[in-house]
Amino acid sequence: MNIIETTGLAGNYWTTEFSQGWRTEVVHDVTLAVPAGSVFALLGANGAGKTTTIKLMMNLLAPTQGEARVLGVDSRQLGPREYSKIGYISENQKLPDWMSVRQLLDYCRPFYPTWDAALEKKLLAQFDLPPARKLKQLSRGMRMKARLLSSLAYRPTLLVLDEPFSGLDPLVRDEFVRGVLEVSELGDWSVFISSHDIEEVERLCDWIGVLDIGRMQFVESTESLLGRFRRIEISLAGGAARLGALPQDWLEPEQQGERVRFIASRYERDATERACCEQFPAAAVQAFPMTLREIYVVLARANRSKAKGAAA
Amino acid sequence: MLPFMIELKPGLAIAEQVIFAVKKAVVGGQMKPGAPFPSVRALSQELKINPNTAHKITAALVAEGVLVTTPAVGSLVAERGETDRKARAELLGADLERLAVDAKKLGLTLDEVQDGFAVQWRKLSRK
């Protein structure tokens, strides 16, 4: 079963620009599926439409086209029964600043039948949140932890995190990830996270979806993505050679004297090595794995030049 | 704390790295037969990885006979088998490959490499 499913989702971002008619469509056609029990990361440049996509899923915005289904229910029909199983955290969420941490928790607790008081206590200590301090007096990191605590305490089936690590220092980030893992249950725990913090994402996420200008560029398993990208370094045996026509999935080729480098985007050990031998006979070939961050940058650059090429 | 040493490198499949590290620890003697192995939950929290991945790792290690699961206690390191010598040699495979490529790029002969290796080996044996 898919815990989240969108088909051809489109939606607007509400602006304060009268000249734009108060709204601009930032999500044009988003189709993705999050299998239950998996962790899905939505990556994309600033302004790609990640936050709007999440708001559409959570029924904070109505779709102009297409649909989103969450926990098997159309987003427009989401109600208390579903919300009590969803933990939604976003930096944009308004907190009742006048409340203390303790008051926030006292306020949230009665809404959730599955609220775990022991877990609440444990996380409060783990996050080192001062219960009596007012939310408006907390630092950014503390505020995010307060949001996280109030969302984790009822052990939600689905966690939706909108740029949760933005602006958090490494210690807080670490605490955040530990907190999220604290409520993980094998099989009955799904996470949807939109993030730029690719390092965290790489370790946690089963699925990566890349959003580009309101459309899904692709959705792929982390394993497959990391498996098919390699940085290839070649040492030419007989001095410099001219780079002729290279396979299309060899990205960003560079040459300096006897050294050639490119990014293989469809790497397969034997096939790629064979292709290298054909292009560069008697050369020494080395393949290096790439981090998710490096892969994302390569893809983003390729997109940008494609867009420039199309515009030209 | 985990009973095996590992430094997760980004870009490589996490499951493979952990499985390799565990095998190395078992074969190298840092993890003794019968020693408890962390639960899926503990593994996921210590390494800060997806619990699904932690589960895959444990399942793979059990399937390969490195770990055994007992209903009450959890996962334990399995008793040593006969394939150890070969398995131990295989663990060095990636390192040896890299060494061979580097040596060839530097234009070294097999003898030069072997001599250099022997020096390093003797240094360790003296300690």
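Rules used in this analysis
Residues numbered from 1 in each chain as written. Chains lettered and ligands numbered in written order. Predicted model: local features only at pLDDT ≥ 70, side-chain atom pairs only at ≥ 80, totals over all residues. Heavy atoms only, no water. Pairing = 2+ DSSP bridges. Helix = DSSP H or I, 4+ residues; strand = E, 2+ residues; numbered from the N terminus. Expected span 1.5 Å × (residues − 1). Buried < 20%, exposed > 50% of the residue type's maximum accessible area, 1.4 Å probe, protein only. Arc of directions from axis to C-beta. Contact = heavy atoms within 4.5 Å. Polar contact = N/O pair within 3.5 Å; in protein donor to acceptor, adjacent residues only side chain to side chain. pLDDT = per-residue confidence, 0-100. Buried area = accessible area lost by both parts, 1.4 Å probe. Salt bridge = Lys/Arg side-chain N within 4 Å of Asp/Glu carboxyl O.

Student: Looking at this structure, I do not really get the pairing of strand β1 (residues 2–14) of chain A. What am I missing?
Tutor: Within a regular beta strand, the side chains point alternately toward one face of the sheet and then the other, so they alternate between its two faces. Residues and elements named next belong to chain A. Bridge count between β1 and strand β2 (residues 23–35): nine bridges; the pairing is antiparallel. Within β2, the residue paired with Y13 across the bridge is T24. Alignment of β1 against strand β4 (residues 65–70), held across five bridges, turns out to be antiparallel. Each bridged residue has a counterpart across the sheet, and for A10 the counterpart in β4 is Q65.

Student: Even after reading the chapter, I still don't get helix α3 (residues 51–63) of chain B, so can you show me in this structure?
Tutor: For α3(B), which comprises 13 residues, the first-to-last C-alpha distance of 18 Å matches the rise-based estimate of 18 Å (1.5 Å per residue) to within 8%. Here α3(B) has its buried residues at B:P51, B:T53, B:A54, B:I57, B:T58 and B:L61. Axial view of α3(B): buried residues confined to an arc of 160°, hence all on one face. Buried-residue contacts for α3(B) involve α6 (170–182) of chain A together with α1 (14–28), α2 (40–47), β1 (67–70) and β2 (74–77) of chain B. For α3(B), the N-terminal cap is B:N50; the gap from its side-chain oxygen to the backbone nitrogen of B:N52 is 2.9 Å. Immediately beyond the C-terminal end of α3(B), within one or two residues, lies B:G65, with a positive phi of roughly 80°.

Student: What should I look at first to understand the side chain of A:T272 in this one?
Tutor: Residue placement: A:T272 occurs in helix α9 (residues 269–279). Residue contacts for A:T272: discarding those within four places in its chain leaves A:I232, A:A264, A:R266 and A:Y267.

Student: Any chance you could explain the confidence of the model for chain B here in plain terms?
Tutor: Note: predicted coordinates in regions of low pLDDT should not be interpreted at a detailed level. Residue and element names in this part refer to chain B. Of the residues in chain B, 92% reach a pLDDT of 70 or more, and the chain-wide mean stands at 85. Averaged pLDDT values over the elements of chain B bottom out at 69 in helix α4 (residues 84–91) and peak at 91 in α3. Here the prediction assigns the complex a pTM of 0.85, and the interface score ipTM is 0.76.

Student: How should I be thinking about the interface of chain A and chain B in this particular structure?
Tutor: Note: interface size is frequently given as the accessible area lost on complex formation between the parts. Taken residue by residue, the interface counts 27 residues in chain A and 20 residues in chain B. At the boundary of chain A with chain B, total buried surface from both sides reaches about 2000 Å², with 48% on carbon and sulfur atoms. At the boundary of chain A and chain B, one finds three salt bridges. Applying the counting rule to chain A against chain B returns eleven residue pairs in polar contact (both at pLDDT 80 or more). Among the secondary structure elements, those contributing two or more residues to the side of chain A that touches chain B are α6, α7 (198–204), α8 (222–228) and β14 (284–289) of chain A. No other element matches α6(A), which puts five residues into the side of chain A that touches chain B.

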